[in-house]
Amino acid sequence: MSILHLGHGSEQPPKAEGKIRLYSMKYCPFAHRVRLALSFKKLSFDIVNINLKNKPEWYLQIHPEGKVPALVNLDGKVLVDSTAIVNYLEEEYPEPPLYNKETITKDLELLDQYDKIVRIFSNCIHKKDNKPFQEAINEISNYLVEFEEELKIRKTPFFTGKQPGMLDILMWPFVERSKALPILCKESLHFEKEKFPFIMKWILEMKNQDFVKENAESYELFAKVVEASNAGVIDYDNV
Ligand SMILES: N[C@@H](CCC(=O)N[C@@H](CS)C(=O)NCC(=O)O)C(=O)O
C-alpha cells in the first residue's frame with residue numbers, strides 16, 4: 001500500500017498476492033467511485049497513489065493515457081475508466097448487487113444524464129469554459145429534476161432500492177465535493193434545496209453508510225488540490 005503519490009523515478013510497488021490493485025489519486029472523484037464500490041462489496045484491495053503532475057514512467061505502461069483510476073484484477077488484467085471498472089466489479093463479484101433488475105434500464109439512462117452533470121462540474125472547477133457560475137448551477141439543477149422525480153417514484157432511500165447501488169455510488173463523489181464549487185469559483189452558491197427534498201434525504205442516507213464514511217474526503221482539501229493543480233504547483237502529499 002502506497003500512501004504517498006508516486007512520481008517520475010519511483011519504483012513500481014510489487015503487487016500483493018490475492019489483492020486487487022487500484023491505481024488512484026487521493027482526491028480524484030473517479031477513483032473515489034471505485035474505492036466506494038470495492039468497499040461496498042468488501043473486496044480486498046491495495047491502493048497505489050499516482051502523482052498525476054509527474055507520472056511514473058512505469059505507470060504509462062499500465063495505463064498509456066496516464067489517468068486514474070486503473071484497476072489490476074487478480075489475474076493481472078488492467079481495467080480503466082471508473083464506470084467500466086465498477087461494472088466489471090459487478091460482473092465479477094455480483095454480491096451485494098449494484099443493480100436492481102426492475103430499474104436497471106432507467107438507471108443506465110440516468111447515468112448518461114449524470115455524465116452531463118459531471119462535465120459541467122469539471123468544466124466549472126477547471127475553468128474550461130467561461131460559463132457564469134450561477135448558470136452552471138442552474139444547468140445542474142435542471143438535470144437533477146429527473147433524479148428527484150425518480151427517487152419520488154421509487155419510494156426507496158437509494159436509487160437502487162433499500163441498499164445503495166451503481167447509480168448511488170457513481171453519483172456520490174461529486175455530491176460529496178459539491179461544496180468545493182463555491183470555493184473554487186469564488187462565488188456564493190444559490191441552489192434551491194427545497195425543490196429537491198428526496199435528493200436531500202438521499203444525501204443524509206448516503207452519509208450514514210459505513211462504506212461512504214470509510215472513503216469520505218474533505219471538500220476543502222479537494223478545493224485546495226484543484227486550485228493548486230490549476231496553478232500547476234500541486235504537492236498531493238502536503239495539501
Ligand atoms: N473518464 C475517466 C476520467 C478519469 C480522470 O479524468 N481522472 C483524472 C484525475 S481525477 C486524471 O487521471 N487526470 C490526469 C490526466 O488526465 O493526465 C474515469 O471515469 O475514470
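Parameters at a glance
Residues numbered from 1 in each chain as written. Predicted model: local features only at pLDDT ≥ 70, side-chain atom pairs only at ≥ 80, totals over all residues. Heavy atoms only, no water. UniProt positions renumbered as here; feature names shortened; annotations may be inferred. Axes fitted to C-alpha atoms, helices over the stretch in contact; angles between N-to-C directions. Helix = DSSP H or I, 4+ residues; strand = E, 2+ residues; numbered from the N terminus. Parallel < 35°, antiparallel > 145°, perpendicular 65-115°, else oblique. Left-handed = near helix turned anticlockwise from the far one by under 90°. Contact = heavy atoms within 4.5 Å. Nonpolar A, V, L, I, M, F, W, Y, C, P; charged D, E, K, R; others polar. Buried < 20%, exposed > 50% of the residue type's maximum accessible area, 1.4 Å probe, protein only.

As named in an unreviewed UniProt entry, the chain is Glutathione-dependent dehydroascorbate reductase, taken from Ceratosolen solmsi marchali. Per UniProt, the chain has the following entry under Sequence similarities (unreviewed entry): "Belongs to the GST superfamily. Omega family."

**Student:** When you look at the packing of helix 4 (residues 104-125) against helix 5 (residues 133-154) in this model, what are you seeing that I'm missing?
**Tutor:** The description of two helices packed together rests on the angle between their axes and the distance between the axes. Contact geometry of helix 4 with helix 5 gives a least axis separation of 10 Å together with a crossing angle of 160°. Regarding the angle of helix 4 to helix 5, the classification is roughly antiparallel. Like other packed secondary-structure pairs, helix 4 and helix 5 cross with a definite hand, here left-handed. Residues Lys106, Asp107, Leu110, Gln113, Tyr114, Lys116, Ile117, Ile120 and Cys124 of helix 4 lie in contact with helix 5, whose contacting residues are Phe133, Ala136, Glu139, Ile140, Tyr143, Leu144, Glu146, Phe147, Glu150 and Arg154. Residue composition of the contact of helix 4 with helix 5, grouped by class: eleven nonpolar, one polar and seven charged.

**Student:** Before we go on, may I ask you to explain the side chain of Glu150 in this structure?
**Tutor:** Secondary-structure assignment places Glu150 in helix 5. Since its relative accessible area comes to 11%, Glu150 is described here as buried. Not counting the four nearest positions on each side in its chain, Glu150 is found in contact with Lys106, Leu110 and Phe159.

**Student:** Just to check I follow, could you spell out the UniProt feature "domain: GST N-terminal" (unreviewed entry) in the chain for this structure?
**Tutor:** UniProt's entry tags residues 18-97 with the feature "domain: GST N-terminal" (unreviewed entry), counted in the numbering of this structure. Note that residues 18-97 is 36% helix and 21% strand, and that its end C-alpha atoms are spaced 22 Å apart.

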